[in-house]
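So the chains spell out like this:
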Amino acid sequence: MNSPTKITVIGLGYLGATHAAAMAEMGFEVLGLDIVPEKTEELARGRSPIYEPGLEDLLRRHVAGLPDSTGRLSFTTSWADLAAFGDVHFICVNTPQRAGEYACDMSYVEAAVESLAPHLDRPALVVGKSTVPVGSAARLTRRLVELAPAGEAAELAWNPEFLREGYAVEDTLRPDRIVAGCPSERAETLLREVYARPIAAGSPFLVTDLPTAELVKSAANAFLSTKISFINAMAEICEAADGDVVMLAEALGHDDRIGKKFLQAGIGFGGGCLPKDIRAFMARAGELGVADAVSFLREIDSINMRRRGAMVELTKETLGGTLLGKRVAVLGAAFKPDSDDVRDSPALNIAGQLHLQGAQVTVFDPKANENARRVFPTLRYAGTAIEAAEHADAVLHLTPWRAFRELDPEAVGEVVAERRILDGRNTLDPELWRKAGWTYRALGRPTA
Ligand code: UDX
């Protein structure tokens, strides 16, 4: 049965497109808005502008006008239509890093409130999901009340998202927790209604104030980045002391206070969230006069960025001290597997550095070749891993797609110039490659 509460979603990127489709799946009538008409047009045809497993299935099931769909999901570029349609409006626009600064760019969030509010002439709940500096929600609330004809009947809640790319549909339908920064009981009641399904299925629903809700997201991403940089710092020590960081991580992970997850050493974290979120967190802490509280994040960032350089150095060393004229195959361009996202991708960054130092680089990614080509048009792109590896002096494994783990070292070995594999993610089986006559090198692991 359809719910009488109608939902709108503003911003249809990784977060918004998934949220809109998931809300339709949960039984709501949903209207999505994006300021880019090509995006809404593509979505209205049931096609996802991004690669996210399971998303197109949801779109096909719910987008209005498609054969056999529930018709619950539609798209628009009109703010007036959006306000007329919805009771609950989710803001899912991005907050990228500002050019030349650590702080994040709030202009898309601000524009969303400025555009929507003048049309809100009846009670409505606006819910922020974008990652913002703490204090933003209070400021946006004042602006909303000022601009909305409904005045204080237009409320603002904060409900951060924690979805992981590649698992966005799963994380949205079955969140591990729902954090709701609620200014009133009415806001809480509405959000409980919106999330009735996952709450009934056991997702914890945590009600809090606006600043805490905003902070949960920054703190979670700071913690996750710290965990990754911690193990990468241990990899640096292992490299100097002939230790094995993979074994070290496994042994640490058995302590359930530490846990196994997010201890995968390699070329570090990237993407549209972790790097910019820790920087924005440092910038905001500075504004609040508590910069020292998170100054360790500068070290986390710097450990992370060093790993990219370390991978370039390892490649150079393996190739006899120079990259000039060497052919390098790069497997992976996305910042993580099961995604076509190349924003701040360590893999693509390394491919670019190798190219700039004179190597002939051929990249293959199962989903991200096109996005990568737009960022680095000067690299070569291949249609398969084997094609990328043809005549290579070294093969670099930089995004841990399952398909790369399943490569046959013998088959790849037949096309390369030299059997040298460098594992930037520590997910290949060194024994398998060494047995097939490959020189296997990895960050934080012994050479032989
Ligand atoms: C992250 C958070 O996990 C998510 O909760 C938040 O909402 C948005 O930011 P995402 O950017 O999709 O999600 O990626 P995540 O899975 O966290 O991985 C981030 C990066 O860290 C990737 O580049 C990944 O390859 C790298 N990583 C992850 C490691 O290098 N080692 C690990 O052990 C785990």
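Computed from a predicted model, the values in this text were never measured in an experiment.

Looking only at helices and strands, the protein chain has 19 helices and 14 strands in total. A globule of 448 residues ought to have a C-alpha radius of gyration of about 22 Å, and the protein chain, at 24 Å, matches this closely. Viewed in the frame of its principal axes, the protein chain has a C-alpha envelope of about 70 × 55 × 40 Å. Burial status across the protein chain gives 54% buried among its 448 residues. If you take every contact in the protein chain between residues at least 6 apart in sequence, the share linking residues at least 24 apart comes to 71%. Of the roughly 19,100 Å² of accessible surface on the protein chain, 54% is carried by carbon and sulfur atoms. Here the protein chain holds 49 positive side-chain charges and 61 negative ones, and the gap between their average locations is 2 Å.

Strand order in the open sheet formed by six strands is β11-β10-β9-β12-β13-β14, with parallel pairing between adjacent strands. Each edge of the sheet is formed by a strand with only one pairing partner; in this case those strands are β11 (380–381) and β14 (439–442). By the bridge criterion, two bridges tie strand β10 (residues 360–364) to β11 in an arrangement that is parallel. Counterpart to threonine 362 in the pairing with β11 is arginine 380.

Of all residues adjacent to the ligand, which total 20 residues, the nearest are Phe162, Glu165, Gln264, Phe335 and Lys336. In the model, an oxygen atom of the ligand is placed 2.8 Å from a nitrogen or oxygen of the phenylalanine 335 main chain. At 2.9 Å, a side-chain N or O of lysine 336 approaches an oxygen atom of the ligand. Against a free-state accessible area of 660 Å², the protein chains account for coverage of 92% of the ligand. When residues of the shell around the ligand are assigned to their parent elements, the largest contribution, four residues, is made by helix α10 (residues 210–241). Across the shell around the ligand, the residue classes break down as 10 nonpolar, four polar and six charged. Summarising the domain contributions, the shell around the ligand has at least three residues from each of domain 1 (6–208) and domain 2 (209–448).

It is the contact of α10 with helix α13 (residues 296–318), at a shortest axis distance of 9 Å, that shows an interaxial angle of 55°. As summarised for this structure, α10 and α13 are arranged oblique, according to the angle between their axes. Both α10 and α13 take part in a crossing whose hand is left-handed. Across the interface between the two elements, Ala222, Ser225, Thr226, Ser229, Asn232, Ala233, Ala235, Glu236 and Glu239 from α10 touch Phe296, Leu297, Ile300, Ile303, Asn304, Arg306 and Arg307 from α13. Classifying every residue of the contact of α10 with α13 gives seven nonpolar, five polar and four charged.

So, about the nonpolar core. Within the largest apolar cluster, 42 residues are counted, with the highest numbers of intra-cluster contacts made by Ile7, Val30, Leu73, Phe90 and Leu191. The greatest single-element share of this core, amounting to eight residues, is contributed by helix α1 (residues 14–25). Beyond its immediate stretch of four places on either side in the chain, isoleucine 7 contacts Met23, Phe28, Glu29, Val30, Leu31, Phe85, Val88, Phe90 and Val194. Judged by nonpolar contacts, the second largest core, of 32 residues, contains Ile10, Ala83, Leu120 and Val126.

This brings us to the layout of surface pockets. The probe, sized like a water molecule, is rolled over the atoms to show the empty space still left. Of the volumes computed, that of the second largest pocket is approximately 210 Å³. Considering the residues around the second largest pocket, the lining is formed by 15 residues, among which Glu239, Leu314, Arg441, Ala442 and Arg445 are closest to the centre. Contributions of two or more residues to the lining of the second largest pocket are made by α10, α13 and β14. Per-element tally for the lining of the second largest pocket: the top contributor is α13, with four residues.

Considering the arrangement of structural elements, one finds cysteine 182 in the loop between β7 (178–181) and α8 (185–194). By relative accessible area, cysteine 182 is classed as buried at 14%.

We now examine the pairing of strand β6 (residues 154–158). Where a strand is regular, its side chains alternate between the two sheet faces. Burial of β6 is extensive: five of the five residues sit out of reach of the surface. Residue alternation in β6 divides its side chains into two sets, Ala154, Leu156 and Trp158 and Glu155 and Ala157, and both sets are buried. Sheet topology places strand β5 (residues 124–128) next to β6; five bridges connect them, and they run parallel. Residue pairing for β6: valine 127 is matched across the bridge by alanine 157. One crossover worth recording links β5 to the parallel β6 by way of helix α6 (residues 136–147), and it is right-handed.

Val245, Ala249 and Gly253 are the residues of helix α11 (residues 245–253) that are buried. The arc enclosing the buried residues of α11, seen along the axis, measures out at 75°, which places them on a common side. Where α11 is buried, its residues meet α10. N-cap assignment for α11: the residue whose side-chain oxygen lies 2.9 Å from the backbone N of valine 246 is aspartate 244.

Assignment of secondary structure puts leucine 331 in strand β9 (residues 327–331). With 16 residues separating them along the chain, leucine 331 and alanine 347 place their C-alpha atoms 8.3 Å apart. Contacts of leucine 331, omitting those with residues within four sequence positions, involve Phe364, Ala385, Ala388, Val395, Leu396, His397, Leu398, Thr399, Phe404 and Leu407.

Before going further, it helps to spend a moment on the packing of aromatic side chains. Following the criterion strictly, the structure yields three aromatic pairs and no others. Taking 6.1 Å as the distance between ring centres and 70° as the angle between the ring planes, the aromatic pair formed by phenylalanine 364 and phenylalanine 404 counts as edge-to-face. Here phenylalanine 404 lies in helix α17 (residues 402–405) and phenylalanine 364 lies in strand β10, a separation of 40 residues in the sequence. For phenylalanine 404, a relative accessible area of 2% gives the class buried. Where tryptophan 433 meets tryptophan 438, the ring centres are 4.9 Å apart and the plane angle is 80°; that geometry is what we call edge-to-face. Each member of the pair, tryptophan 433 together with tryptophan 438, is buried. Sitting above the plane of the tyrosine 167 ring, arginine 164 keeps its charged end 4.4 Å from the centroid. The ring centre of phenylalanine 162 lies 3.6 Å from the NZ or CZ of arginine 177, which sits over that ring.

The rules behind these values
- Residues numbered from 1 in each chain as written.
- Predicted model: local features only at pLDDT ≥ 70, side-chain atom pairs only at ≥ 80, totals over all residues.
- Heavy atoms only, no water.
- Helix = DSSP H or I, 4+ residues; strand = E, 2+ residues; numbered from the N terminus.
- Rg over C-alpha atoms; globule rule 2.2 N^0.38 Å.
- Buried < 20%, exposed > 50% of the residue type's maximum accessible area, 1.4 Å probe, protein only.
- Contact = heavy atoms within 4.5 Å.
- Areas by Shrake-Rupley, 256 points an atom, 1.4 Å probe, with all protein chains shown as cover.
- Lys, Arg positive; Asp, Glu negative; His and termini not counted.
- Charge placed at Lys NZ, Arg CZ, Asp CG, Glu CD.
- Pairing = 2+ DSSP bridges.
- Near = heavy atom within 4 Å.
- Polar contact = N/O pair within 3.5 Å; in protein donor to acceptor, adjacent residues only side chain to side chain.
- Nonpolar A, V, L, I, M, F, W, Y, C, P; charged D, E, K, R; others polar.
- Domains from an automatic or database assignment.
- Axes fitted to C-alpha atoms, helices over the stretch in contact; angles between N-to-C directions.
- Parallel < 35°, antiparallel > 145°, perpendicular 65-115°, else oblique.
- Left-handed = near helix turned anticlockwise from the far one by under 90°.
- Core = buried A, V, L, I, M, F, W, Y, C linked by side-chain atoms within 4.5 Å.
- 1 Å grid on protein atoms, 1.4 Å probe; cavity = no way out; pocket = protein on both sides within 12 Å on 5 of 7 lines; lining within 4 Å.
- Points joined across faces, edges and corners; volume = space filled by probe spheres on them.
- Right-handed = clockwise from strand over helix to strand, strands pointing away.
- Arc of directions from axis to C-beta.
- Phe/Tyr/Trp six-rings, centres within 6.5 Å; stacked < 30°, edge-to-face > 60°.
- Lys NZ or Arg CZ within 6 Å of the ring centre and 35° of its normal.

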